[in-house]
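Secondary and tertiary structure notes
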Amino acid sequence: CLGHFEEYPIVPAVLATKELLKNIYEVLDTKGEGIKFEIDNFEIFVVKAMPPKKKFDVIVKSEQLLRDLILYTCTISDDSSVYGHYFITLKAI
């Protein structure tokens, strides 16, 4: 996170998004159905800045919206705080 808010180091939300997407795509690939997905939409609602070098819990829920749309609702937290909610919609291509 070097260079990102030098006076107040935080984990950038885009870095958290990248890791969430990486893991979601890994899970989709393990299903082995050969279906490819692209990002249809994503929204980030940051509640609190994420401090670096901290362990976070991530809860990911998926919901089939349409035959070709899946919504992933991801919440990042720790024992005492919620840091953000990430809503990622993937579309089969």
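This section reports on the structure supplied with the text. (Residues numbered from 1 in each chain as written. Predicted model: local features only at pLDDT ≥ 70, side-chain atom pairs only at ≥ 80, totals over all residues. Heavy atoms only, no water.)

The next subject is the sheet that holds strand E2 (residues 57–66). The strand order E1-E4-E3-E2 describes an open sheet built from four strands, whose pairing is antiparallel. The open sheet has two edge strands with one neighbour each: strand E1 (37–46) and E2. When strand polarity is set aside, the average angle formed by the axes of neighbouring strands in this sheet is 15°. Running at roughly 45° to strand E4 (residues 82–92), helix H1 (residues 13–30) makes contact with E1, E2, strand E3 (69–77) and E4 of the sheet. (Pairing = 2+ DSSP bridges. Helix = DSSP H or I, 4+ residues; strand = E, 2+ residues; numbered from the N terminus. Axes fitted to C-alpha atoms, helices over the stretch in contact; angles between N-to-C directions. Contact = heavy atoms within 4.5 Å.)

Bringing the pattern of salt bridges into the picture now. Summed over all chains, the structure comprises two salt bridges. Salt-bridge contacts for Lys-22 lead to Glu-19; the nearest nitrogen and oxygen are separated by 3.4 Å. With Lys-22 and Glu-19 both in helix H1 and three residues apart, this pair spans about one turn of that helix. Salt-bridge contacts for Lys-54 lead to Asp-78; the nearest nitrogen and oxygen are separated by 3.3 Å. Placement of the pair is Lys-54 in the loop between E1 and E2 and Asp-78 in the loop between E3 and E4, with a sequence separation of 24 residues. Accessibility expressed as a relative area gives 12% for Asp-78, which makes it buried. (Salt bridge = Lys/Arg side-chain N within 4 Å of Asp/Glu carboxyl O. Buried < 20%, exposed > 50% of the residue type's maximum accessible area, 1.4 Å probe, protein only.)

Don't take any of this as a statement about function, it's just geometry.
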